[in-house]
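Topology and contacts: notes
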There are 6 protein chains.
Amino acid sequence: MNPGNPVYDYMVNKEPYYHPQGDEIALFTAAYARRLPVMIKGPTGCGKSRFVEYMAWKLGKPLITVACNEDMTAADLVGRWLLDAEGTRWQDGPLTVAARYGAICYLDEIVEARQDSTVVIHPLTDHRRQLPLDKKGELIQAHADFQLVISYNPGYQSLMKDLKQSTKQRFAAFRFDYPETKVETEILVREVGIPEQTAEQLVALAKSSRNLKGHGMDEGISTRLLVYAASLIADGVPATRACRMALMDPITDDEDIRSTLEHAIDATFN
Amino acid sequence: MNPGNPVYDYMVNKEPYYHPQGDEIALFTAAYARRLPVMIKGPTGCGKSRFVEYMAWKLGKPLITVACNEDMTAADLVGRWLLDAEGTRWQDGPLTVAARYGAICYLDEIVEARQDSTVVIHPLTDHRRQLPLDKKGELIQAHADFQLVISYNPGYQSLMKDLKQSTKQRFAAFRFDYPETKVETEILVREVGIPEQTAEQLVALAKSSRNLKGHGMDEGISTRLLVYAASLIADGVPATRACRMALMDPITDDEDIRSTLEHAIDATFN
Amino acid sequence: MNPGNPVYDYMVNKEPYYHPQGDEIALFTAAYARRLPVMIKGPTGCGKSRFVEYMAWKLGKPLITVACNEDMTAADLVGRWLLDAEGTRWQDGPLTVAARYGAICYLDEIVEARQDSTVVIHPLTDHRRQLPLDKKGELIQAHADFQLVISYNPGYQSLMKDLKQSTKQRFAAFRFDYPETKVETEILVREVGIPEQTAEQLVALAKSSRNLKGHGMDEGISTRLLVYAASLIADGVPATRACRMALMDPITDDEDIRSTLEHAIDATFN
Amino acid sequence: MNPGNPVYDYMVNKEPYYHPQGDEIALFTAAYARRLPVMIKGPTGCGKSRFVEYMAWKLGKPLITVACNEDMTAADLVGRWLLDAEGTRWQDGPLTVAARYGAICYLDEIVEARQDSTVVIHPLTDHRRQLPLDKKGELIQAHADFQLVISYNPGYQSLMKDLKQSTKQRFAAFRFDYPETKVETEILVREVGIPEQTAEQLVALAKSSRNLKGHGMDEGISTRLLVYAASLIADGVPATRACRMALMDPITDDEDIRSTLEHAIDATFN
Amino acid sequence: MNPGNPVYDYMVNKEPYYHPQGDEIALFTAAYARRLPVMIKGPTGCGKSRFVEYMAWKLGKPLITVACNEDMTAADLVGRWLLDAEGTRWQDGPLTVAARYGAICYLDEIVEARQDSTVVIHPLTDHRRQLPLDKKGELIQAHADFQLVISYNPGYQSLMKDLKQSTKQRFAAFRFDYPETKVETEILVREVGIPEQTAEQLVALAKSSRNLKGHGMDEGISTRLLVYAASLIADGVPATRACRMALMDPITDDEDIRSTLEHAIDATFN
Amino acid sequence: MNPGNPVYDYMVNKEPYYHPQGDEIALFTAAYARRLPVMIKGPTGCGKSRFVEYMAWKLGKPLITVACNEDMTAADLVGRWLLDAEGTRWQDGPLTVAARYGAICYLDEIVEARQDSTVVIHPLTDHRRQLPLDKKGELIQAHADFQLVISYNPGYQSLMKDLKQSTKQRFAAFRFDYPETKVETEILVREVGIPEQTAEQLVALAKSSRNLKGHGMDEGISTRLLVYAASLIADGVPATRACRMALMDPITDDEDIRSTLEHAIDATFN
């Protein structure tokens, strides 16, 4: 890609570390070949964003990521008029940039966004592949490389915050979960450089916490937090302190759950 | 139409693939002859937008589509003042452009819009066929070619989100549903190029899912998702994987429904 | 009226077709003679707006119509400051134009508007007949020809959306209903040109639907929809298809009501 | 007062017709002598605004009236910065004009306003008699002639829409009610010029409607509506038609109440 | 203080009349010596604001008062960018002016304000005594003379409208109540100049009303209203009329309470 | 650090007084070494902000503090376009300044902020350490010195106001509580200079109040309020008055709690 291209900065130049969990790389490649819009579901910190980054690298396409939130409006995605020395000037939003110049546009935690942000993607996700900029009076035909990817965490899905069927039925879907024990252990060893045994102990802790989900825990310990704990241990912090600080204190203030987790930590590392 | 015409870009130049389900083409033609406002109802992904696009092509009129959403205001339809180098400048919204220059204006999922967006269409839908631009102090008499088309999904119709009777009673209505088995099979064969037998299997799967509507399913598998699955199969993805990814994972996280669908997929393709 | 007059474009130059239902023309004329503010109540599509248009024509006064909606603010009625090449410039809203230059101002479906839009009319509706433009620092004394007319549908009147007594007690009121059988039949014959017998059949259908109001129907079939059905029939659409499309499908998705209406349509035209 | 004075246009030059109900003129004069803030309570259309206008005329002070509404903000009262050819320019709101140049400021239906509009008057209503324009950085000391008058209808007073005690305890209060029979009759005779007997009949009708308050009627027939009915009768409209149109139709759609009122009207005038 | 000082106009130049209720002057002086933030609680009209004004006079410091309200935002306190002939210009809000140039900033009825207005004072009320102007990118170190004073009425304190503990725990607090009988009597005699006996009668009335608090009365008659009644009596208004107008009508529309108060008034002055 | 550096003013130049409660200094140092985002939990006024300030001093990094509030938007953190003499000019928000130039960014009471303020930090808290300025079209790679620290009070944590799991799982956490008796006593002696015995008495009072938490008390007496009381005592205010004013009156209006606390105060100091 040419450095003058407006999406050149969004190329993923270094291969991100990614450990496949199944046939997801082949399936995503097939979906991209048809430019099917893709939805990725799964719990917090299980590697959804890392996977998208990896695929962008593998496909050699730029990646524009937008962290959705409940105050995000369609204009934040599509663009708006700015006041300039010579009057108003149009500024493309991230979705428009991606559609115009051919990037993968990744809308992270799409369910958090207000509905106008989700409806705005509809014409980009059917046979038209168009993005009407109503406020500018322009009709963009998506670049041949453009693809839309969204993610969300079905565990949070409340009645108030679910995608509408008319949005869901525009996507092919991937369901992610935490990696299998062996894979997760290898991730800790390779990313942080701790001994395999410590990594196994950490993964075992995480696994038992994930079983508590729904029994007082909103969500289990994520792979990301395991990496945090492993980093602190690698830097000399005692394992029990590192686990309290990275695996327990951030995610719960429930005294019962805390006591259960403390016993598990102490049993594992003492 | 002259290329200098502001709605020239909205002409549908290529005949969209559309398979009639009944006498809807003749009826729409009659409604257009009287310029009756038209309302199209039906489930997600059953071909409502494709039909409107087809009719625009057949009637040789430009088509301006607006995806409605709950943050859309009347100004988004009608237009607003923009700040320019020489002060404020008026910019017509999509509805105004359609009324002024003679296009079919298609408001997709109108029930999502805020009420002011729906009330603004009232004077365009009675004998006056006028659009008052209050903020500009202009009264537009609609172009002879102008027609208003709206769509909505009655399945979503909640008490909070229904059209007011004073809006409903301004439209002639079409009720759409998924195509009949034979038609839907032919659509898959013609659009994607898979063997007729695979197409029949996919349609059978969709049909059984549609019977689950109201029994844990918000809505059945749409024709659009069948096209997705067919595309992946055509590109070599195993049928069971393609069906999970395109027909099941996007639309439900309910474990009971998922297990029912998985059995149906496996029974069909193994 | 002089073409240079700012409300010249709002003159109703052609006599609108209007069939009186009683002594309403004489009463409105008396109310206008005293410039009493007038309120018109009645169901959707029974001819309220047509009556106001007719009276404006008959009295030879310009008519400025505003379709009220819940996002309409006082500024939308009264006016606002716009940014111009030489700074801010005041733009009169439709109510101010009517009060300043002497038009009938018709606020259609006033109950939809936000309260500030309704309170703003108070000083125009008592002995003062003034409109204070607080934001401009101007106090307008209404033109001698100015009259305020509002309409609303008491069937929609909910506790949340009713006029305040302090607003109601500023108006003389007209209660409208659907025209009597003979009148309604004549309207269809004269406006669309269908045979009298067909017109009578359509009116009979509408009448029976109006009896269903409150029994699953929000509102009966309006005169406007009868005109739609008659138009389609006049253009050769089979009567049963035209009735389904114009009289049934737009107003209800309730299966019981639909079945009742379908039987009535079939019984009438087969 | 000098014509160059910014509040000169707000002088009440002609004595408004006002018929005293008791010692209210003397009491208001005493309150004005001490510049006590005054609150006037009473039902819709009983003459509150007319009384304030009369007092302004009698005291020879200009009167600035603001019709409060729930979208009114403090800035609407106090003033705001406007954009001008040479940048921003401050524009005093009506309250500021009154305080700066010495007018009576009358806030009509104050309970409708948002709280910031009511709190903004606090420093003007204690011993300080100051109005801080925070956004302009100016502290106005009220003109010696300035007085604040507010009105509200305690019948509407809901828990959500009542003045705060900290506001109430800054006012001396007047409680108004509809005029006594003799007074109200005389008002109709003098304002409209109908025969005394007709006036008595109209007042008797109003009185019986006022007894229905709380029994299906939100509020009884006001003096203002009696003036409407009298005007129509004076212009030749039959009394029963005029009463339906001016006394019944504007204020109720309740069928029971309507039937009661219709009987009363017919019994009175037939 | 130098007249060129931006807070010079806020000096309290004349000793306000203030009658101490206890050791509050010494305690406030001690709190100011340490620049402790101060919170003053008490019912409406008991003299909280007068006390703060008195202390500002006694300490010889300028006093900037802000009447808080529920539409007040942090920007109203801190400042905002204004558009000027040469672009945007920053305007300090009242809190910033006080912190920058050394005034006592008095936030009256702080609980009415939105939370962002209360959180904005946090860094000014701990050991940092800083005010970050995030929107301007400036960090103000409070002037040595700056002190923050807030007031609120705990009687209004609802769950929705209470200060957060993290705000409360930043203040030393004073609890005020109505003055003792002797003190309150003396206030009426000294401020208005009525005979001591009349003053005693008025105070006795107020005291009995204060006992009704919680039994149908939101709050008892305040010292301020007593001053109103006394003023009217001093000007020749009969005491029973003055009491109805100044002590009863402003504060209650409850018929039972009104009848109780009327008896008390008549028993006192007849 | 160079004085020309935009974050030079945010250096903590003087060692803040901080008394460690355990190994938190070593743990924070380890977390900073890996630039792990840090979350600090604990009750009001227990020293969370002081600890962050101390660590910034110890690590020799600038500290940018933002007091979060429920009206804070993402733009308040990230930055916005301002209108300037030469058109619009971008102004970095505090988070952007910290990320761009390398400061510790401390978001105090993060749960108070609106969700978009919390989601905006996500890309800064995973392996990317990026901050996309969507509205400017810039992608900031965080400075090597940048670290994000947030604080919140789990005692306030309601269902409406909790961090999302997807936010929580991005932080290593510290749990703070009030200092131990000996430490807290020493803080009072060292910061204010009162005798050790008085300090012990004050701490004993605070400890007993903290046991009332959940029994009518929202939160116990904080270390900060103890410092207030000690200051007043050091300046000669009688201990019982100082304790009422600094320890009791600010935090509760509950009569039972007040009576318990008064007894405790009197028992301690009489």
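Overview of the structure. Treat the numbers as computed from the prediction; the structure is a model and nothing was measured. (Residues numbered from 1 in each chain as written. Chains lettered and ligands numbered in written order. Predicted model: local features only at pLDDT ≥ 70, side-chain atom pairs only at ≥ 80, totals over all residues. Heavy atoms only, no water.)

1. Concerning the sheet that holds strand 8 (residues 147-152) of chain F
Residues and elements named next belong to chain F. What counts here: Note on pairing: two strands pair once DSSP finds at least 2 bridges between them. The numbering of helices and of strands both runs from the N terminus, where a helix is a DSSP run of H or I of at least 4 residues and a strand a run of E of at least 2. Axis lines are fitted to C-alpha atoms, over the contacting stretch for helices. Their N-to-C directions set the angle, which ranges from 0 to 180 degrees.
Read across the open sheet, the five strands follow the order 2-5-8-1-9; overall the sheet is parallel. With one partner strand each, in any of the chains shown, strand 2 (63-67) and strand 9 (172-175) form the two edges of the open sheet. Direction aside, the axes of adjacent strands within the sheet are offset by 20° on average. Two strands pair when backbone bridges link them, and strand 1 (residues 38-41) and strand 9 are joined in this way by four bridges, in the parallel orientation. Of the residues in strand 9, the one forming a bridge with methionine 39 is alanine 173.

2. Thoughts on the interface of chain B and chain C
What counts is decided by this rule: Whether two residues touch is decided by their heavy atoms; if any such pair falls within 4.5 Å, the residues are in contact. Put simply, buried area is how much 1.4 Å-probe accessible surface two parts lose in total, over both of them, once they are put together. Two N or O atoms count as a polar contact when they lie within 3.5 Å, although within protein this holds only if one can serve as hydrogen donor and the other as acceptor, and sequence-adjacent residues are included solely when both atoms are side-chain atoms.
In this complex, chain B contributes 44 residues to the contact, which on the side of chain C involves 46 residues. Together, the buried faces of chain B and chain C total about 3900 Å²; carbon and sulfur atoms form 50% of this surface. A per-residue breakdown of the area chain B buries against chain C is headed by Arg34(B), Gln165(B) and Gln169(B), which together make up 18% of the total. Taken together, the connections running from chain B to chain C amount to 14 residue pairs in polar contact (both at pLDDT 80 or more). Mapped by element, the contributors of at least two residues to the side of chain B that touches chain C are helix 1 (24-33), strand 1 (38-41), strand 3 (79-84), strand 4 (87-92), helix 5 (115-119), helix 6 (165-168) and strand 9 (172-175) of chain B.

3. Side note on the relation of the copies chain A and chain B
To keep things clear, this is the line we draw: Alignment of the copies relies on least squares applied to C-alpha atoms, considering only residues that score at least 70 for pLDDT in both.
Screw-axis analysis of chain A against chain B gives a translation of 0.0 Å along the axis, an RMSD of 0.0 Å, and a rotation angle of 60°. The superposition operator between the copies reduces to a six-fold rotation axis.

4. Quick look at the interface of chain A and chain B
This is how the line gets drawn: The salt bridge criterion pairs a side-chain nitrogen of Lys or Arg with a carboxyl oxygen of Asp or Glu, the two atoms within 4 Å. Following the grouping adopted for this structure description, the nonpolar residues are Ala, Val, Leu, Ile, Met, Phe, Trp, Tyr, Cys and Pro, the charged ones are Asp, Glu, Lys and Arg, and the polar ones are all others, Gly among them.
On the chain B side, the residues contacting the 44 residues of chain A number 46 residues. Regarding the contact of chain A and chain B, the summed buried area is about 3900 Å², with carbon and sulfur atoms giving 50% of it. Its largest share of buried area at the contact with chain B, chain A owes to Arg34(A), Gln165(A) and Gln169(A), together 18% of the area lost on that side. A salt bridge links Lys164(A) to Glu109(B); its shortest N-O distance comes to 3.4 Å. Along the contact surface separating chain A from chain B lie 15 residue pairs in polar contact (both at pLDDT 80 or more). For the side of chain A that touches chain B, the per-class residue count stands at 18 nonpolar, 11 polar and 15 charged.

5. So, the packing of helix 1 (residues 24-33) of chain D against helix 2 (residues 48-59) of chain D
Residues and elements named next belong to chain D. Short version of the rule: By convention, the crossing between two helices is left-handed when the near helix turns anticlockwise from the far helix through less than a right angle, and right-handed when the turn is clockwise.
Across the interface, helix 1 lies against helix 2 with an axial gap of 11 Å and an inter-helix angle of 60°. Considering only the axes of helix 1 and helix 2, their crossing is right-handed. For the pair helix 1 and helix 2, the contacting residues are Glu24, Ile25, Phe28, Thr29 and Tyr32 in the first and Phe51, Tyr54, Met55, Lys58 and Leu59 in the second. Of the residues that constitute the contact of helix 1 with helix 2, the class distribution is seven nonpolar, one polar and two charged.

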